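Here is how the chains run, residue by residue.
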Amino acid sequence: MSQSGKISSSTTQVHSVELQSRWFSSNKMAVEDWVLEVVDGPHKGLKVTLDRELLLIGRAEWCDLGLPNDRLASKEHAELVLTTKGPLLRDLDSRNGIQINQLRVLQAYVPEGTQIKLGQSTLLLRSQQRQTEIELQFHDGSQTLVGKSPPMRKLFSQFKRLQRREIAVLLSGETGTGKSRIAQTLHQQSERASGPFVTVNCGALSASLIESLFFGHTQGAFTGANQSHKGYFEQANGGTLFLDEIGELPLELQPRLLDVLERNVVKRLGSEQEHPVDFRLISATHQELKSLIEQGRFRRDLYYRLAVFQMHVPSLRERVEDIPLLTEWLLHDMEPDLHFMVTPAAVRKLQGFLWPGNVRELRNVLMRATAMVDILGDPDALHYLDADDIELPEFVPPVDSPLSESSPQGSSGMEQAIPEQITDLKAFMEQTEREVLLQALVQHEWNVTRAAKSLSITRAWLHKRINKYDLSEGYSLS
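Residues numbered from 1 in each chain as written. Predicted model: local features only at pLDDT ≥ 70, side-chain atom pairs only at ≥ 80, totals over all residues. Heavy atoms only, no water.

Chemist: Is there a simple way to think about the sheet that holds strand S4 (residues 54-58) in this case?
Modeler: By way of backbone hydrogen bonds, the strands of a sheet pair with one another, either parallel or antiparallel. As summarised here, the arrangement of the five strands in space is S5-S4-S6-S7-S10, forming an open sheet in which the pairing is mixed. Edge positions in the open sheet fall to strand S5 (65-66) and strand S10 (107-109), since each of these has one partner strand only. One ladder, built from six bridges, connects strand S6 (residues 78-83) with strand S7 (residues 86-91); its direction is antiparallel. The residue bridging Thr83 from the neighbouring strand is Gly86, located in S7. Along the sheet face, helix H2 (residues 150-162) touches S4 and S6 and points at about 55 degrees away from the line of S4. (Pairing = 2+ DSSP bridges. Helix = DSSP H or I, 4+ residues; strand = E, 2+ residues; numbered from the N terminus. Contact = heavy atoms within 4.5 Å. Axes fitted to C-alpha atoms, helices over the stretch in contact; angles between N-to-C directions.)

Below, the structure is given as structure tokens:
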């Protein structure tokens, strides 16, 4: 059960400083000092030092190794990730793929002296024969988002690339992952931060008012229009327009949105006058827009206009190692004047849950837990949240161990996370397997022997899966 203890003001200050240090911390990782050089192709002689965890390769202007004159390279062709095991090369769903030793690969560790073929270019990875350190950021530049997991660190690196660019961004991810907050963070870190940030939920708009809401109207344009009104496009002028659930935008309105984006002018209902608009567009969706395009429910040309830069916001299941840090952060955000400490048992309970509602659901669970704590009217008290204080939703049972005795094989609760339509069974099964293994490793503090035993598998088999799913980076975060 939760407990509260009277502590001194100086102790609470120390506790707050410790939390701040963990939230906004970074870590150093020792790696080989690498140089990537273009040895053949339109950009022969171009070199870049691998001085950060993730290096992006492609034709786009924001790539670390830019190949704008390579007509066969994709906008974002590949990424090179520095790990303690060496550089890891990943194909980013490029048109022509990447080749190592004339073999096409989707993902591979790249040893010293390896030549990489992509597009018209040949790249060579060279070691400087010395060690260096790179910084791993566990927060974004504005200190509004935290996370140690590789997916979140990738997001933080993408923020830096977008700070001084006006390009449209499309956020994808499940409901409740925090896409709205990330959109606001992108706005706050942009050169439009002093301008307005206008949020529109496309799935909650009245069908009869949608045109007026977006384009505005003049007085008398329709019954009830007693005065002129600026629409969302004009309201966002000089700032950022965030279109949440863009997949819900009616098909008949999509060509008009495209016209505004291409001509930067709007015409209010009831008026022939065009008003110039200047805003940065960020969109978000939990749906697969490419699937909607095939179904005829979303315009392909609008998709390409929205998805100039795409960012995947990971589910909480993809970043289970972030839950301890995220829990502290959310508790402080909800109750900044109180001091909470979450016990290890409570953390294990939180990490064993599947979180179909993601960060939003975690916040709600913590809000319920803090509401039941006896504050005693003392702001200097330190309040402990134990496992008994954490009440998880009943409709998705917690998973203490994926193959525990209380969860018979075949009914572990994983079925609750299965989407209504699975378009790629193999990918879904691999994702599920990865999440189960990651949960077990985190729960056992990355002790492979104990994690394997809890899953009734061999250490050798688990090691193979750790390599397959690139889970080994977790060791450096434990």
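Chemist: Hey, could you run me through the packing of aromatic side chains in this one?
Modeler: For any pair of aromatic rings, the description consists of the separation of the ring centres together with the inter-plane angle of the planes. Under the definition given, this model contains nine aromatic pairs. Between the aromatic rings of Phe215 and Phe233, the centroid separation amounts to 5.2 Å while the plane-to-plane angle is 70 degrees, which identifies the pairing as edge-to-face. Residue Phe215 is located in helix H4 (residues 210-215), and its partner Phe233 is located in helix H5 (residues 232-235); the two are separated by 18 residues in the primary sequence. Each of the two residues, Phe215 as well as Phe233, counts as buried. Between Phe233 and Phe279, the aromatic rings sit 5.8 Å apart at their centres with planes inclined by 10 degrees, giving stacked as the arrangement. Pair noted here: Phe233 is in helix H5 and Phe279 is in the loop between strand S17 (274-276) and strand S18 (280-285), with a separation of 46 residues, a long-range link. The class for Phe233 is buried, based on a relative accessible area of 1%. Classification of Phe279 as buried rests on a relative accessible area of 14%. (Phe/Tyr/Trp six-rings, centres within 6.5 Å; stacked < 30°, edge-to-face > 60°. Buried < 20%, exposed > 50% of the residue type's maximum accessible area, 1.4 Å probe, protein only.)

Chemist: Before we go on, may I ask you to explain the pattern of salt bridges in this structure?
Modeler: According to the stated counting rule, one finds 24 salt bridges in the structure shown. Between Glu79 and Arg90 there is a salt bridge, with its nearest N and O atoms 3.1 Å apart. With Glu79 in strand S6 and Arg90 in strand S7, the pair connects residues that are eleven residues apart, well separated along the chain. A salt bridge links Asp278 to Arg192; the nearest nitrogen and oxygen atoms lie 2.7 Å apart. Remark: Arg192 occurs in the loop between helix H3 (179-188) and strand S14 (197-201) and Asp278 occurs in the loop between S17 and S18; sequence separation between them is 86 residues. Given a relative accessible area of 43%, Asp278 falls into the partly exposed group. Residues joined in a network through salt bridges with shared partners are Asp51, Arg52, Asp64 and Arg161. (Salt bridge = Lys/Arg side-chain N within 4 Å of Asp/Glu carboxyl O.)

Chemist: Got a minute to help me understand helix H6 (residues 254-263) in this structure?
Modeler: Every α-helical turn comprises 3.6 residues, leaving residues that sit three or four positions apart pointing alike. Within H6, the full set of buried residues consists of Gln254, Leu257, Leu258, Val260 and Leu261. The buried residues of H6 all sit within an arc of 160 degrees when viewed along its axis, so they share a single face. On its buried face, H6 sits against H4, H5, strand S15 (240-244), strand S16 (265-267), S18 and helix H8 (300-306). Phi for Asn264, located one or two positions after H6, is positive at around 60 degrees. (Arc of directions from axis to C-beta.)

Chemist: Can you help me understand the pairing of S7 in this one?
Modeler: Regular strands place side chains that alternate from one sheet face to the opposite one. Of all six residues in S7, five are buried, a share of seventy percent or more. Counting the residues that bridge the hairpin from S6 to S7 gives two residues. Looking at chain direction, S7 and S10 are connected through three bridges and run antiparallel. Residue pairing for S10: Leu89 is matched across the bridge by Ala108.

Chemist: Where do I start with the packing of helix H9 (residues 323-334) against helix H10 (residues 344-351) in this structure?
Modeler: Where H9 contacts H10, the two axes come as close as 10 Å, and the packing angle between them is 110 degrees. Relative to H10, the element H9 lies roughly perpendicular. In this structure, H9 uses Ile323, Pro324 and Thr327 to contact H10, whose residues at the interface are Val347, Leu350 and Gln351. Each residue belonging to the contact of H9 with H10 can be placed in one class, and the counts come to four nonpolar, two polar and no charged. (Parallel < 35°, antiparallel > 145°, perpendicular 65-115°, else oblique. Nonpolar A, V, L, I, M, F, W, Y, C, P; charged D, E, K, R; others polar.)

Chemist: I keep staring at the nonpolar core and nothing clicks. Help me out?
Modeler: What tends to happen in soluble globular proteins is that the nonpolar side chains get buried as a cluster. Grouped together as the largest cluster of nonpolar side chains are 42 residues, with contacts concentrated most on Leu326, Trp355, Leu362, Leu441, Leu462 and Leu471. The dominant element in this core, judged by the number of residues it contributes, is H9, at seven residues. Other than its neighbours up to four places away in sequence, Trp355 contacts Leu316, Arg317, Ile323, Leu350, Glu361, Leu362, Val365 and Leu392. Grouped together as the second largest cluster of nonpolar side chains are 32 residues, Leu170, Leu258, Leu281 and Leu292 included. (Core = buried A, V, L, I, M, F, W, Y, C linked by side-chain atoms within 4.5 Å.)

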